[in-house]
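Chain and residue survey
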Number of protein chains: 2
Amino acid sequence: MASFSDIDKLAISTIRLLAVDQVAAANSGHPGAPLGLAPAAHVLWRQMRLNPENPEWIGRDRFVLSNGHACALLYSLLHLTGYDFSIDDLKQFRQLHSKTPGHPEFFLPGVEVTTGPLGQGISNAVGIAVAQANFAATYNKPGHTLSDSFTYVFLGDGCLQEGVSSETSSLAGHLKLGNLIAFWDDNQITIDGNTNVSFTEDVAKRYEAYGWEVLYVENGNEDLAGIQSALEEAKKSKDKPTLIKMTTTIGFGSLQAGTHAVHGAALKPDDVRQLKSKFGFDPAKSFVVPQEVYDFYNQHVIQPGAKANKEWDQVFASYKEKYPELGKELERRFANQLPENWTEKLPVYSPKDSAVATRKLSEIVLESLHSSFPEILAGSADLTSSNLTRWKEAVDFQPPSSGLGDYTGRYIRYGVREHGMGAMMNGIAAFGAHYKAVGGTFLNFVSYASGAVRLAALSGHPVIWIATHDSIGLGEDGPTHQPIETLAHLRAIPNMQVWRPADGNEVSAAYHVALNNKNTPAVLALTRQNLPQLEGSSIEKASKGGYVLQEAKDANITLVATGSEVSLIVDAAKLLASKGVKARIVSLPDFHTFDLQSQDYQLSVFPDGVPIMSVEVLSPSCWAKYAHESFGLDHFGASGKAGDIFKAFQFTPEGVATRAEKTIKFYDGKQVISPLHKPF
Amino acid sequence: MASFSDIDKLAISTIRLLAVDQVAAANSGHPGAPLGLAPAAHVLWRQMRLNPENPEWIGRDRFVLSNGHACALLYSLLHLTGYDFSIDDLKQFRQLHSKTPGHPEFFLPGVEVTTGPLGQGISNAVGIAVAQANFAATYNKPGHTLSDSFTYVFLGDGCLQEGVSSETSSLAGHLKLGNLIAFWDDNQITIDGNTNVSFTEDVAKRYEAYGWEVLYVENGNEDLAGIQSALEEAKKSKDKPTLIKMTTTIGFGSLQAGTHAVHGAALKPDDVRQLKSKFGFDPAKSFVVPQEVYDFYNQHVIQPGAKANKEWDQVFASYKEKYPELGKELERRFANQLPENWTEKLPVYSPKDSAVATRKLSEIVLESLHSSFPEILAGSADLTSSNLTRWKEAVDFQPPSSGLGDYTGRYIRYGVREHGMGAMMNGIAAFGAHYKAVGGTFLNFVSYASGAVRLAALSGHPVIWIATHDSIGLGEDGPTHQPIETLAHLRAIPNMQVWRPADGNEVSAAYHVALNNKNTPAVLALTRQNLPQLEGSSIEKASKGGYVLQEAKDANITLVATGSEVSLIVDAAKLLASKGVKARIVSLPDFHTFDLQSQDYQLSVFPDGVPIMSVEVLSPSCWAKYAHESFGLDHFGASGKAGDIFKAFQFTPEGVATRAEKTIKFYDGKQVISPLHKPF
């Protein structure tokens, strides 16, 4: 057990004051939590295994600051432990284009996940811990331990109040993730004041109910030995995640300590000065790091970390000799590369093949690919038999003691926890080793996970959502389950693929692009109902995000659709043809991918001179980017047989053809310019 | 205490078989939960206080079926207890345009809230219980009890796994809502199989940790006396909500009882037949209700309910005499009418008034209105000092024993629980008496509550979201807190007002329309930063959802914006004017309200012949409905000073003017038709 001396106190004061100085320099930010958490941060980080020269080292411990607003604390730690954060970077806290933004962002060295939106970090950490357990169970061999790291979390009352953390904490307990250790900053203050205004539950008891080990540190402000002792005990808890309830004082040392006034605004200058004096620092100086503090972290963290990484390299070298297949697989995964020739395994269809629901086609893809992709961790939020996310031979990711699977398992039973699943998927992706998280729910309930979905896009986690039952086509479950606004919502998120494939080739294309992509998440919106295999579709064409399914010379109209409405416009075009009206047919399975094509290509799909009408049984509000007119739904769905609902809402060949004719008439004699032309 | 006999068993069998017959007739639906829950349903409903002739009676007990997929159970109960549900209605289960849709919908008589999306119903029920407690504390007088009803909930494992239920259950415990009683259908089955695959936490212990009373019924399939006894005990628990853990067998009586096969598909015909035989019914007949069962419910529910309503009417008549002011207020509220002359209290501004953040202007409105509107229950998800949702004299809604407020309080400390807040607001609205729930968070975190927000729109609950920090204008908190896709998302939801007011008059207009509206929720997107009072704005004009702020003869361009970008386009227009370019200025604070205006009016705002360019610092994907070109953000925000970010993204008068000039040039010589013209 480590013992503590004056240098530890000095290091803690340094961390505290670096954080306070950052917030003061910006005159914006959150000094309260860093002041309260610096002791725990120091005790934890002085034993962290990490290598700032190699921040992506798979063997590192992970640290997640779930209360991301306390990032001045994290930036201070990253500076002191040798990451690429200079004092000048700290001085630029919260300034545009700085390396020290207002909340920690994934692209920064040493930042494991983007945090700030409360409840996400702890939930990401559960995902990281899952990935670590899977990685260790899959690759560790006797005498060759490639992974035995811990995931540490700091979280506050806000994170504990958010439902997403309840979902993932319950699952972490079920999964017996002993590699997960969370420090609860029990400072009894949130923005609205004392937690007694809204949060009087017994958190420790709740976490025990989840199956966690709960430990206590009564004086988190000063009792370093107590923090250390809890940490050691937590690390021994091999089959339970641990919550360390650590009572602290928000803004410790400040004149406003213990109040919410110290949470989210810079301390007043005289408060900063008295704080520095109190901690034995020169009140006139800012951003001061005593050399012995640098030396301490160098000796206790940087040097041991470099050494550990070097030892790991040796173990891995020997591993590659002894287990050449696995070694090769790991090298590929570490290099973030895909399996060789994997695209050859993607199913190809012809119009003669039978009609199949796209959710089923997705299952066929997973069935074809899973053995080549050990990095795929699939799962569903308790809709496995509806989402069809589980290949036949899948082993469940479960604690071995459950008898239901083991940690090599690659199928996660998320339970009815969509938001938690989304946040865990982000964590699985963030672990490294090219993990590909694939999670299923109904498209409508991806909305429950909005908070995690947008962070996947912001962070660039290439997770894949299998979002089935993607329209009124789900039928009898009715409007509570029928997405209307969902695609408009998802398509408005930057850096987000939103695939709505129309047949088997397009489903293969969606996987083709989504798996190839290293920094963009994807939602695959899939049908419950069968769809025919289309004449004119191909993986290659659909992989462009949009293409001409059927060309028509001297066309009167371009009809464009996605998913289940593509075969509908094909039928409508036949009806129109019988009346002498010529329609081009465009399938546009993913806006995001289509937007990445050259303008020439895009204009070949949506040329000038032909009015364009889109057809999609969802809100049409995002379609005007490509179409002059849109046939969609501006109201909620209904409960009934799918066919009856389509008919009632006029999503029939006749309903489409009538609107197409009106569109043609409307644009007759007018100059028709493709919406793709833009003045800026 | 009630005693039970054969008639009770017969009633239960009737309920079970009515549910099974509905699902069989539709060949779609969920027979498992109704079979398991029928005994509890019967025991509960035989003592419910309700009046099917007056389903809106404020004194009624509420029943919420949180596991809404079990709706065949609810429809059976509503039929038996005299609501306007005929046997023919039951036969139309899950058919288009029927009164028996696949999940219960709010518009149906006797359905208290729309359920199906898991976790919502129990959370709505917490809101209903809050409203009941507030109503009782506000209006009950000695000898004049106007409200003492209970809110009962059925919920399953799925509801308990969802984070939203964790949020609201924690708050319900904090608030000591003794009027809330939930029956947990502990059948150990979810769609993925046995709950042991993902849900092994100790739920009872968790609810105790929340401060709930937890009771047990070991044999929920048959032990009617046990259910009754738990119910009686729960009703005595005056300062704790109660969870009754009731172990049942899903699909009780079916050949597939106890398995997930019985959850979500019709029973096979021979299974239905053996079930009917087993329960002593003729296997050849369907939808059978023995007359003695009708008689039983008539005697135990319908007649006592009618009597109780009549007695209540007498109490209220006497109340109105003794407390004429309160009586008048209640009559107004029951009639769903607004206070007289309330609009006169809306603040009016002129361009001479100083620049103020719209969040602050919203606070001023609440300050002006709160005393006229006893029905407003405001609150915030732990961002009171940021959302400015609390008037100075507000009393917190708190259990009196907390010393922090009481149940007459009209300000709810929701804690960091956005989704829970949204679901509770829906419940508060559903209680009746014209309750107006107003809840605050950052606009970006309305997304956390997407599941509840769409149900507000689907159900027509006129709740109001105060969504502050509505753009990159929030500055340093950075991209994790800056909404980009959020307005596109919300505007794509049918029946949803999404106000983004530009100044004081527009904020007043937003409240004017939102409070007037009885069936449409509203989100008010408000700035953190100050905005000038505009020349040309007025409550009357802005109440149309969009209007010409500044007209220009022979204009070269129409610039349209919302919120903080309206003053930006005003400045851009000045810059353009200095170059001889004439710009019309349109403010469009709410698409939904604007869309309700006449086409003539709409075309006067967006006339033909002038190209239209929108400016909004969020995703532009929903703008093409009104604008030919859009200047928005197709990427995430950044952490930095708000002014720096606006500049970096070129949201400056120069940046707007440049794009306006390009737009004018692009359309020069082309025929320009207003996008409001539609061929269909």
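Residues numbered from 1 in each chain as written. Chains lettered and ligands numbered in written order. Predicted model: local features only at pLDDT ≥ 70, side-chain atom pairs only at ≥ 80, totals over all residues. Heavy atoms only, no water.

Considering the overall build of chain A
Each helix and strand counted, chain A has 25 helices and 20 strands in total. Against the 2.2 N^0.38 benchmark of 26 Å for 680 residues, chain A shows a C-alpha radius of gyration of 28 Å, consistent with a compact globule. Once the C-alpha set of chain A is aligned to its principal axes, its extents read approximately 90 × 60 × 45 Å. Pairs at least 24 residues apart make up 77% of the contacts formed inside chain A by residues separated by at least 6 positions. Here chain A has roughly 21,100 Å² of accessible surface; of this, 48% comes from carbon and sulfur atoms. Averaging the locations of the 60 positively and 73 negatively charged side chains of chain A gives two centres separated by 3 Å. (Helix = DSSP H or I, 4+ residues; strand = E, 2+ residues; numbered from the N terminus. Rg over C-alpha atoms; globule rule 2.2 N^0.38 Å. Contact = heavy atoms within 4.5 Å. Areas by Shrake-Rupley, 256 points an atom, 1.4 Å probe, with all protein chains shown as cover. Lys, Arg positive; Asp, Glu negative; His and termini not counted. Charge placed at Lys NZ, Arg CZ, Asp CG, Glu CD.)

Brief notes about the pattern of salt bridges
Residues and elements named next belong to chain A. Summed over all chains, the structure comprises 52 salt bridges over all chains. Its salt-bridge partner being Asp-470, residue Arg-500 comes within 2.9 Å of it at the nearest N-O pair. On the criterion of sequence distance, the pair formed by Arg-500 in the loop between β13 (497-499) and α19 (504-516) and Asp-470 in the loop between β12 (464-468) and α18 (486-491) is long-range, its members being 30 residues apart. Assigned by exposure class, Arg-500 and Asp-470 land together as buried. Between Lys-579 and Glu-661 there is a salt bridge; the shortest N-O distance is 3.4 Å. With Lys-579 in the loop between α21 (564-578) and β18 (583-587) and Glu-661 in helix α25 (residues 653-667), this pair connects stretches of sequence that are 82 residues apart. (Salt bridge = Lys/Arg side-chain N within 4 Å of Asp/Glu carboxyl O. Buried < 20%, exposed > 50% of the residue type's maximum accessible area, 1.4 Å probe, protein only.)

Description of the sheet that holds strand β3 (residues 180-186) of chain A
Residues and elements named next belong to chain A. If you walk across this open sheet you meet the 5 strands as β1-β2-β3-β7-β6, and the pairing is parallel. Since the sheet does not close on itself, it has two edges, and those belong to β1 (62-65) and β6 (213-217), each with one partner. Across the sheet, the axes of successive neighbouring strands diverge by a mean angle of 20 degrees, strand direction being ignored. Where strand β2 (residues 151-155) lies against β3, 5 bridges are found, and the strand directions are parallel. Residue pairing in the sheet places Val-153 in a bridge with Ala-182 of β3. (Pairing = 2+ DSSP bridges. Axes fitted to C-alpha atoms, helices over the stretch in contact; angles between N-to-C directions.)

Topic: the UniProt feature "binding site: Mg(2+)" (unreviewed entry) in chain A
Residues and elements named next belong to chain A. Mapped onto this structure's residue numbering, the UniProt feature "binding site: Mg(2+)" (unreviewed entry) falls at Asp-157, Asn-187 and Ile-189. In three dimensions, the annotated residues from a span of 33 residues occupy one location, with a maximal C-alpha spread of 7.9 Å. Assignment of secondary structure puts Asn-187 in the loop between β3 and β4 (189-190). Excluding residues within four positions of it along the chain, Asn-187 makes contact with Asp-157, Thr-248 and Ile-250. If we ignore the near neighbours within four places in the chain, the residues touching Ile-189 are Asp-157, Asn-194, Thr-195, Ile-250, Gly-258, Thr-259 and His-260. (UniProt positions renumbered as here; feature names shortened; annotations may be inferred.)

Here's the deal with the interface of chain B and chain A
Each partner contributes to the interface: chain B provides 108 residues, whereas chain A provides 108 residues. Overall, the association of chain B and chain A removes approximately 8,900 Å² of surface from exposure, summing both partners, and the carbon and sulfur fraction of that is 58%. Taken together, the connections running from chain B to chain A amount to 10 salt bridges. A:Asp192 serves as the salt-bridge partner of B:Arg413, at 3.0 Å between the closest nitrogen and oxygen. For the interface between chain B and chain A, the tally reads 52 residue pairs in polar contact (both at pLDDT 80 or more). Its residues placed into classes, the side of chain B that touches chain A shows 38 nonpolar, 44 polar and 26 charged. (Buried area = accessible area lost by both parts, 1.4 Å probe. Polar contact = N/O pair within 3.5 Å; in protein donor to acceptor, adjacent residues only side chain to side chain. Nonpolar A, V, L, I, M, F, W, Y, C, P; charged D, E, K, R; others polar.)

Brief notes about the UniProt feature "site: Important for catalytic activity" (unreviewed entry) in chain A
Within this structure's numbering, the places UniProt gives as "site: Important for catalytic activity" (unreviewed entry) are A:His30 and A:His263. With the annotated positions falling across 234 residues, the maximum pairwise C-alpha distance of 5.5 Å places them together in a single cluster. According to the relative accessible area criterion, A:His30 is buried, its value standing at 10%. If we ignore the near neighbours within four places in the chain, the residues touching A:His30 are A:Val23, A:His69, A:Arg94, A:His263, A:Gly264 and B:Asp477. Along the chain, the position of A:His263 falls in the loop between β7 (242-247) and α10 (269-278). Taking the relative accessible area as the measure of exposure, A:His263 reaches 16% and is therefore buried. Those residues in contact with A:His263 that lie beyond four places of it in its chain are A:Gly29, A:His30, A:Pro31, A:Gly32, A:His69, A:Ile191 and A:Ile250.

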